[in-house]
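What follows is each chain in one-letter form.
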Amino acid sequence: MISAVSKPSLWTGLIAGLGLAVLFVLSLAVGVSPLPLNKVLSDPEAMQLLAVSRLPRTFAAVLCGAGLAIAGLIMQTLSRNRFVEPATAGTAQSAELGILLVTLLFPAAALWVKTLVAGGAALVGTSVFLATAHRLPPQQPFLVPLFGIVYGGVIGAVATFAAWQADLLQFLSVWTNGEFSGVLRGRYELLWIAALMVAVAWIVADRLTIMALGREASIGLGIDYARMMQIGLVIVSVITALAVVIVGMIPFVGLAVPNIVSRLMGDNVRGTLGWVAAGGAGLVLACDIAGRLLRYPYEIPVGTVMGVVGGAVFLWLLFRRGGHG
Amino acid sequence: MIRIENVSFKHRATPILSDISLDIPKGGVVALIGPNGAGKSTLLSLVARLQPLQAGVISVDGLPVDTTPSRDLAKVLAILRQDTTIASRLRVRELVGFGRFPHGRGRLTQEDDAIVDAAVAQFDLTDLSDRFIETLSGGQRQRALVAMAFAQDTDYLLLDEPLNNLDMYYARALMRSLRSVADANGKTVVIVLHDINQASAHADRIVAMKSGRIIADGTPGEILTPDMLDTVFGFRMRVETIEGKPFALHQL
Ligand SMILES: Nc1ncnc2c1ncn2[C@@H]1O[C@H](COP(=O)(O)OP(=O)(O)OP(=O)(O)O)[C@@H](O)[C@H]1O
Ligand SMILES: [Mg+2]
């Protein structure tokens, strides 16, 4: 909204864009069967590999990264707490429980049906989380993430128990730990809906900034607070459900990226949304590439890599905050 | 005109406001005074539709506050609350700019920019305009919040203890700004004040509340008398007249 927000210079933007492009190309090139990028256009086999596997995988990483980072940003806005994200506050666990149940009851359901059910479950789970979070005393900001972790843990435990009973534990781990190696053309396209959700977030960016000022300030400026809450919840739930169903949950993106962007640029969503999305995409791409290279030719799932990287960033944020107040 | 008719408000079983009726015609500065817990903030928040009405009717320029779409009211009425805390990292100019949100729904025209710049300048925030709110002093932050309410540029302005944290210079400057928007632009300002001498110096009318009721309503000359102030605040104070205006020596 505000013109004075153009703090990061054009150069910063160009360098960031270039970095993202390099990661994108690297992600296309790296893999068990080498893909010489200079020969792609002349070599039909390489072209095939690119179109069926590498390009979908790379797009999936970009979409998941950008989407989950935005979902984290919105969740932090709605709960007015910087330390929550879909992976730790019950959203992802609810989505997992949802898809587990639909898989148990209707194993033959189409992917989009399962996604829809997972999205609905995520919506319910996140609504309950937020309703409770708003009742916690704001003087103790760590209560909200703590409650989220316990709450997510309980739902996760229910899912694990149900999966164990039904002998579906292996399936569950597919949803709880993100991995891009299975992403192929024809199996990931629903993820583009995450891009749509990011676009919706862009449209309501100013309203999100105002929401972060609190309920009263929002009403004073004529915002339909309850309605915006619903829109935010839908964005968060849909993105999380898509990630869970298609690649499995990736933790910490939604936590680390919005926090770092906020530190560097502030909280005017209109100005930061693009950076959060790009940062999420870049982080997930980088972790996926690292996961492919670290034990080459074997792969480490991106969820695992991110758990380590993101955990370190999270601790850093916590300790920095101590000094900041 | 702000019309408040038979408004009562309870918190659980505790009555907070009891059968309040008050008309505030358009134009002018009305000061709302009264001891802590009298219900001033509650009344203001009801007028500004921040809490749902339980009993009675409130309308602003004929628009009932409980049924008029919030975004329409936001173009007519702005409120600065007593206990606003900004947890977001926003720059001063960004925050003041959001005061324009009701008008352009996020798109700032040149005219909006000019209004925001004027509000920023009016409260001496130009040098601070690129600073994050969290890095400001209490008084600077308060000025930024007041500037945001001014930028909303509504006909009705409700300010709940806006002098909090302001030094003498800025307190006086704010009161004079309010006086001038009321006189020059016909705005209606309702302001909660604890400094009754500011009310006496700058307001047209003083409304005194106590225990959820309006107990006095009149010009500064009518309200600032030892008897009346004793009724409102519970102790006697000397009142002196300087340049035709009554001032209470409540420190003595
Ligand atoms: N959330 C709440 N729960 C219980 N009581 C409340 C609540 N909010 C306000 N009250 C009570 O309502 C009464 C009026 O409060 P209000 O904030 O309107 O007073 P005020 O006149 O603005 O006081 P002050 O000068 O201290 O700002 C007080 O007795 C207060 O304790
Ligand atoms: Mg008050």
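For the structure, check the block above.
Residues numbered from 1 in each chain as written. Chains lettered and ligands numbered in written order. Predicted model: local features only at pLDDT ≥ 70, side-chain atom pairs only at ≥ 80, totals over all residues. Heavy atoms only, no water.

*Asks:* Hey, could you run me through the site of ligand 1 in this one?
*Replies:* All names here are of chain B. Around ligand 1, the structure places 13 residues, and the nearest of them are Gly37, Gly39, Lys40, Ser41 and Thr42. For ligand 1, an oxygen atom lies 2.6 Å from a polar atom in the side chain of Ser41. The separation between an oxygen atom of ligand 1 and a polar side-chain atom of Thr42 is 2.5 Å. When isolated, ligand 1 has an accessible area of 630 Å², and the protein chains bury 59% of it. For the shell around ligand 1, the leading source of residues is helix α1 (residues 40-47), giving three residues. Considering only residue class, the shell around ligand 1 consists of three nonpolar, eight polar and two charged. (Near = heavy atom within 4 Å. Polar contact = N/O pair within 3.5 Å; in protein donor to acceptor, adjacent residues only side chain to side chain. Areas by Shrake-Rupley, 256 points an atom, 1.4 Å probe, with all protein chains shown as cover. Helix = DSSP H or I, 4+ residues; strand = E, 2+ residues; numbered from the N terminus. Nonpolar A, V, L, I, M, F, W, Y, C, P; charged D, E, K, R; others polar.)

*Asks:* Please explain the nonpolar core as it appears in this structure.
*Replies:* One broad trend across soluble globular proteins is that nonpolar side chains are buried collectively. Ranked by internal contacts, the top residues of the largest apolar core, which has 142 residues, are Phe129, Phe180 and Ile250 of chain A together with Leu95, Leu178 and Ile191 of chain B. Domain assignment of the residues forming this core places at least three in each of domain 1 (1-76 + 154-224) and domain 2 (83-152) of chain B. Other than its neighbours up to four places away in sequence, Ile250 of chain A contacts Cys64, Leu68, Ala87, Gly178, Phe180, Val284, Val302 and Met306 of chain A. Membership of the second largest hydrophobic core comes to 32 residues, among which are Ile2, Leu17, Leu32 and Tyr156 of chain B. (Core = buried A, V, L, I, M, F, W, Y, C linked by side-chain atoms within 4.5 Å. Buried < 20%, exposed > 50% of the residue type's maximum accessible area, 1.4 Å probe, protein only. Domains from an automatic or database assignment. Contact = heavy atoms within 4.5 Å.)

*Asks:* How do you make sense of the pattern of salt bridges when you look at a structure like this?
*Replies:* Between side chains of opposite charge, a pair can form when the charged atoms approach closely. Per the stated rule, a full pass over the model turns up 22 salt bridges over all chains. Across the pair Glu299 of chain A and Arg57 of chain A runs a salt bridge, and its minimum N-O distance is 2.9 Å. Of the two residues, Glu299 of chain A sits in the loop between α12 (269-293) and α13 (302-324) while Arg57 of chain A sits in helix α2 (residues 44-79), which places them 242 residues apart along the sequence. A salt bridge links Asp230 of chain B to Arg236 of chain B, with the nearest nitrogen and oxygen atoms 3.7 Å apart. On the basis of relative accessible area, Arg236 of chain B is assigned to the exposed category, the value being 51%. A cluster of three or more residues bridged by salt bridges with shared partners is formed by Arg57, Asp288, Arg292 and Glu299 of chain A. (Salt bridge = Lys/Arg side-chain N within 4 Å of Asp/Glu carboxyl O.)

*Asks:* Explanation requested: the coordination of the magnesium ion (ligand 2) in the structure shown.
*Replies:* Octahedral six-donor coordination of a metal ideally yields angles of 90 or 180 degrees, compared with 109.5 degrees for tetrahedral four-donor coordination. Residues and elements named next belong to chain B. Bound to the magnesium ion (ligand 2) are the protein donor atoms Ser41 (OG) and Gln82 (OE1), situated 1.9 to 2.1 Å from the metal. One end of the pair, Ser41, is in helix α1; the other, Gln82, is in the loop between β6 (77-80) and α3 (92-98), and 41 residues separate them in sequence. Taking relative accessible area as the criterion, Ser41 reaches 27% and is therefore assigned partly exposed. (Donors = N, O, S within 2.8 Å, 3.2 Å for Na, K, Ca; no water.)

*Asks:* I'm lost on the sheet that holds strand β1 (residues 2-11) of chain B in this one. Help?
*Replies:* Strand-to-strand pairing in sheets goes through backbone hydrogen bonds, with the strands running parallel or antiparallel. All names here are of chain B. The sheet built from four strands is open, its strands ordered β2-β1-β4-β5 with antiparallel pairing. Each edge of the sheet is formed by a strand with only one pairing partner; in this case those strands are β2 (14-24) and β5 (63-64). The pairing of β1 with β2 spans seven bridges and is classified as antiparallel. Within β2, the residue paired with Val7 across the bridge is Ile20. Where α1 meets the sheet, it contacts β1, β2 and β4 (55-60), and its direction lies at approximately 120° from that of β1. (Pairing = 2+ DSSP bridges. Axes fitted to C-alpha atoms, helices over the stretch in contact; angles between N-to-C directions.)

*Asks:* Explanation requested: the pairing of strand β12 (residues 245-249) of chain B in the structure shown.
*Replies:* The two faces of the sheet receive side chains in turn, since in a regular strand these alternate between them. Residue and element names in this part refer to chain B. Here β12 shows a clear split, with Pro246 and Ala248 buried on one side and none of Lys245, Phe247 and Leu249 buried on the other. Here strand β11 (residues 238-242) pairs with β12 via five bridges, running antiparallel. Bridging from a neighbouring strand, Ile242 pairs with Lys245 of β12. In textbook terms, the turn of a hairpin is the stretch between consecutive antiparallel strands, and for β11 and β12 this stretch comprises two residues, one of which, Glu243, has a positive phi near 50°.

*Asks:* How should the environment of Leu168 of chain A be read in this particular structure?
*Replies:* All names here are of chain A. Looking at the secondary structure, you find Leu168 in the loop between α5 (143-165) and α6 (169-176). Spatially, the C-alpha atom of Leu168 lies 37 Å from that of Ile260, the residues being 92 residues apart in sequence. If we ignore the near neighbours within four places in the chain, the residues touching Leu168 are Leu100, Leu104 and Ala163.

*Asks:* Just to check I follow, could you spell out the interface of chain A and chain B for this structure?
*Replies:* Size of an interface, as often reported, equals the accessible area lost when the parts are brought together. Counting from both sides, the interface comprises 28 residues of chain A and, opposite them, 30 residues of chain B. In total, chain A and chain B occlude about 2500 Å² of area from one another, counting both sides; carbon and sulfur atoms represent 57% of this. Applying the counting rule to chain A against chain B returns one salt bridge. The partner of Glu216 of chain A in a salt bridge is Arg81 of chain B, and the shortest N-O contact between them spans 3.7 Å. In this assembly, chain A and chain B are joined by eight residue pairs in polar contact (both at pLDDT 80 or more). Elements with a contribution of two residues or more to the side of chain A that touches chain B: α8 (205-211), α9 (215-220) and α11 (253-265) of chain A. Taken together, the residues that form the side of chain A that touches chain B break down as 12 nonpolar, seven polar and nine charged. (Buried area = accessible area lost by both parts, 1.4 Å probe.)

*Asks:* Mind showing me how you'd approach the pairing of β6 of chain B here?
*Replies:* Residues and elements named next belong to chain B. Side-chain alternation along β6 places Leu77 and Ile79 on one buried face and Ala78 and Leu80 on a second face that is also buried. In terms of strand pairing, β6 meets strand β7 (residues 156-160) through four bridges, oriented parallel. Note that in β7 the partner of Leu77 across the bridge is Tyr156.

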